[in-house]
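Per-entry structural report
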Amino acid sequence: MRITILGAGAWGTALAIALAPRHRVFLWGRNPDAMAAAAAQRENAAYLPGFALPDGLTVSADFSQAISHVTAAGAADDGLLIVASSVAGLRSLAQQLQACPVPNIVWLCKGFEQETSLLPHQIVRQVLGDAIPAGALSGPSFAQEVARGLPCALAVASDHPGLSERVVAAVHGGNIRVYSTDDLVGVEVGGAVKNILAIATGVADGLGLGLNARAALITRGLAEITRLGIALGGRSETFMGLSGVGDLILTCTGDLSRNRKVGLGLAQGKKLDTIVAELGHVAEGVRCAAAVRTLARQRGVDMPITNAVAGVLFDGDSLHAVVELLLSRNPREEAA
């Protein structure tokens, strides 16, 4: 199969490494110098250092070539276009694709657009319309582990069955398993909001609040994700799957989690700008927190942990004050 991955960050590069032994893969990135260096050195030193790029993997900053790789005569029926940008970069890439004969589109990003509070599928449909088969590939997945060939399970969500079948055919195999669902909203909400909860868990761990507190945050965080997801049209069972509880557990507890590192940095008294600069990568939970807080208020969804994280990130609330506020909440039915 011909596969083009638009976005040469850590996750896009890791997936390219995993798929290149089985498919003809083209990895595109915006920075011509970085892509030329990666192609010459056979390593994406900027975003995924220490992992060799397979010999058959094409790496380039030429957008036209990247698109023609999956749209040229005879390629469209055997092609898959994967967007590996951040949510912030999804709209601009979709706009670039407006003039292209896009056969399909699958995105890896997780979050809400900060300015509009839109989910990725809403952005894509707003820009490209409903006719193009589209979907999300999500789930618990650290880029470094995928690049190392360690086992991983993902979920593809789409209301186009043919697209889900193509994604499964392309990605499922070796150490990667792919499950399919038509609950696009549920998969995207789970992938987005878990990043906010990972910041909260990082704060709790950094403050030394203990394993009991971590378990409580993850469990009650799942309740928040589920409430918002159902309010937006997702199905409750989706949040018990890979893109719900699976991704939440990984991101809240894994040492490779960038969002967890944000929380740990906040607990150490670091400024947010300093933490983000030290990461050198996007931490989607920071961008997502304000949008989710606004959306929850509009929909009347109770999300106290999310509100606490947003308060710390954007309102100057102290960590100890928000912890005391959460602990002082009135008791309630667990399922409420």
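The chain carries the name Glycerol-3-phosphate dehydrogenase [NAD(P)+] in an unreviewed UniProt entry, which gives Paraherbaspirillum soli as its organism. In the Subcellular location (unreviewed entry) part of its UniProt record, the chain is described as follows: "Cytoplasm". The UniProt entry for the chain carries the following text under Sequence similarities (unreviewed entry): "Belongs to the NAD-dependent glycerol-3-phosphate dehydrogenase family."

Inspection of the entire model under this criterion finds one aromatic pair. Between Trp28 and Phe63 the ring centres are 5.3 Å apart and the planes differ by 75°, which places this aromatic pair in the edge-to-face class. Remark: Phe63 occurs in helix α3 (residues 63–71) and Trp28 occurs in strand β2 (residues 24–28); sequence separation between them is 35 residues. Considered together, Trp28 and Phe63 belong to a single accessibility category, that of buried residues.

On to the packing of helix α8 (residues 184–206) against helix α10 (residues 242–253), then. Close contact between α8 and α10 brings their axes to 8 Å; oriented N to C, the two are set at 25°. If you check the angle between α8 and α10, you find them roughly parallel. The handedness of the crossing between α8 and α10 comes out as right-handed. Side by side, α8 and α10 meet where Val187, Gly190, Gly191, Lys194, Asn195, Leu197, Ala198 and Thr201 of the first sit next to Ser243, Asp247, Leu248, Thr251 and Cys252 of the second.

Tracing the sequence through the fold places Ala14 in helix α1 (residues 10–19). In contact with Ala14, other than residues within four places in its own chain, are Leu48, Ala143, Val146 and Ala147.

Let us now look at unusual backbone geometry. Phi at Arg42 takes a positive value of approximately 55°, unusual for a residue other than glycine. For Arg42, the position within the fold is in the loop between α2 (32–41) and β3 (58–60).

Attention now goes to the nonpolar core. Nonpolar side chains tend toward joint burial in soluble globular proteins. Of all hydrophobic cores here, the largest spans 46 residues; its most connected members are Phe112, Val189, Val193, Leu228, Val262 and Leu266. Of all the secondary structure elements, the ones that give two or more residues to this core are α8, α9 (211–231), α10, α11 (258–267), α12 (272–279), α13 (284–299), α14 (304–314) and α15 (319–327). For this core, the element with the highest residue contribution is α8, accounting for 11 residues. By size, the runner-up hydrophobic cluster in this structure holds 39 residues, among which are Ile3, Ala14, Ile17 and Ala143.

Let us look at the pairing of strand β1 (residues 2–6). Burial runs high along β1: four of the five residues are buried. Direction of pairing for β1 relative to β2: parallel, over a ladder of five bridges. Across the sheet, residue Ile3 finds its bridge partner in β2, namely Val25. Viewed along the sheet, the connection from β1 through α1 into β2 turns out right-handed.

Those residues of α10 not exposed but buried are Ser243, Gly244, Gly246, Asp247, Leu248, Thr251 and Cys252. Structurally, α10 contributes buried residues whose contacts are with β6 (134–138), α8, α9 and α11.

With that out of the way, let us pick up the sheet that holds β6. Read from one edge to the other, the open sheet built from eight strands follows the order β3-β2-β1-β4-β5-β6-β7-β8, with strand pairing classed as mixed. Strand pairing shows two members of the sheet lacking a second neighbour, β3 and β8 (176–181), which therefore form its edges. On average, each strand axis in the sheet is inclined to that of its neighbour by 25°, with strand direction left out of account. Examined bridge by bridge, strand β7 (residues 152–157) and β8 share six bridges and lie parallel to one another. Paired with Leu154 across the two strands is Val178, which belongs to β8. Packed onto the sheet, helix α7 (residues 161–171) meets β1, β4 (79–83), β5 (105–107), β6, β7 and β8 and runs at close to 85° relative to β4.

About the criteria used
Residues numbered from 1 in each chain as written. Predicted model: local features only at pLDDT ≥ 70, side-chain atom pairs only at ≥ 80, totals over all residues. Heavy atoms only, no water. UniProt positions renumbered as here; feature names shortened; annotations may be inferred. Phe/Tyr/Trp six-rings, centres within 6.5 Å; stacked < 30°, edge-to-face > 60°. Helix = DSSP H or I, 4+ residues; strand = E, 2+ residues; numbered from the N terminus. Buried < 20%, exposed > 50% of the residue type's maximum accessible area, 1.4 Å probe, protein only. Axes fitted to C-alpha atoms, helices over the stretch in contact; angles between N-to-C directions. Parallel < 35°, antiparallel > 145°, perpendicular 65-115°, else oblique. Left-handed = near helix turned anticlockwise from the far one by under 90°. Contact = heavy atoms within 4.5 Å. Core = buried A, V, L, I, M, F, W, Y, C linked by side-chain atoms within 4.5 Å. Pairing = 2+ DSSP bridges. Right-handed = clockwise from strand over helix to strand, strands pointing away.

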